[in-house]
Amino acid sequence: MAKAGFIHDKLDIKFLVLYLMARVASSVDFSTLADLTFCDDGVEYFDFAAALAELVDTGHLELKDDKYSITEKGRRNGKICESSLAYSVRRKCDRNLAKVNGVLRRDAQVRAEILPRDDGAHTLRLILDDDKGNIMTLDLLTVSEEQAGRLAEKFRTHPERLYDSILQVLLETEEEG
């Protein structure tokens, strides 16, 4: 029985993975890459996993800290082969990439680090960046790693609220305060 979709074999999957990796905003984990790759009904899990492993083995992709990134070799060879992907597959990939890249860019701009201290407490470092550089870095003393983790998650969810609140306090005049 013939496979559905435009992707028919492991080589097609490799072309698709290279196409995606050349356009993703930063390194991605296995599950994010799998979600992006399964945009065509012809992609099967085991073929995808094998193709991904082969791309790492051949130096087209790099696996570091459980995240995949494209190498220069992968970028060069992927560019040569991308026209062999069906136009409809590329369009679907581009739509899916727009969503993923938005999340990846935001994650890169909003960071929180938990740093242990000698006295048993922890420092929570909150970092907010934009395309031009650092907007804010704020170090907070927390009594436990658990408290730092809760505060870090809240910051990652609503960084604008904290930034706006700080600015509001700093910019209010003495008569207002």
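Every value quoted in this text rests on a predicted model; they were computed, and no experiment measured them.

Reading the values: rules and limits
Residues numbered from 1 in each chain as written. Predicted model: local features only at pLDDT ≥ 70, side-chain atom pairs only at ≥ 80, totals over all residues. Heavy atoms only, no water. Pairing = 2+ DSSP bridges. Helix = DSSP H or I, 4+ residues; strand = E, 2+ residues; numbered from the N terminus. Axes fitted to C-alpha atoms, helices over the stretch in contact; angles between N-to-C directions. Contact = heavy atoms within 4.5 Å. Salt bridge = Lys/Arg side-chain N within 4 Å of Asp/Glu carboxyl O. Buried < 20%, exposed > 50% of the residue type's maximum accessible area, 1.4 Å probe, protein only. Parallel < 35°, antiparallel > 145°, perpendicular 65-115°, else oblique. Left-handed = near helix turned anticlockwise from the far one by under 90°.

Colleague: Which residues make up the sheet that holds strand S3 (residues 110-116), and what are the values?
Modeller: The strand order S3-S4-S5 describes an open sheet built from three strands, whose pairing is antiparallel. The open sheet has two free edges, formed respectively by S3 and strand S5 (133-142), since each of these has just one partner strand. Each neighbouring strand pair of the sheet contributes to a mean axis angle of 20°, computed without reference to strand direction. Here strand S4 (residues 122-130) runs beside S5; their pairing, made up of nine bridges, is antiparallel. If you follow Arg125 over to S5, its bridge partner there is Asp139. Relative to S3, helix H5 (residues 87-109) is tilted by about 40°, and along the sheet it contacts S3 and S4. Where helix H6 (residues 145-157) meets the sheet, it contacts S3, S4 and S5, and its direction lies at approximately 170° from that of S3.

Colleague: Report on the pattern of salt bridges, specifying residues and quantitative values.
Modeller: Opposite charge on two side chains makes pairing possible when the charged atoms of those side chains draw close. Inspection of the entire model under this criterion finds nine salt bridges. A salt bridge links Glu54 to Lys10; its shortest N-O distance comes to 2.6 Å. Of the two residues, Glu54 sits in helix H3 (residues 45-57) while Lys10 sits in helix H1 (residues 10-21), which places them 44 residues apart along the sequence. For Glu54, a relative accessible area of 27% puts it in the partly exposed group. Using a relative accessible area of 30% as the deciding quantity, one classes Lys10 as partly exposed. With a shortest N-O distance of 2.7 Å, Arg111 and Asp129 are connected by a salt bridge.

Colleague: Tell me what's going on with the packing of helix H2 (residues 30-37) against H3, and back it up with residues and numbers.
Modeller: Following both chains from N to C, one finds H2 and H3 inclined at 120°, their axes separated by 11 Å at the closest point. Regarding the angle of H2 to H3, the classification is oblique. Seen along the crossing, H2 lies across H3 with a hand that is right-handed. Across from Phe30, Leu33, Ala34 and Thr37 in H2, the residues of H3 making contact are Tyr45, Phe48, Ala49 and Leu52.

Purely geometric numbers; function is a separate question.
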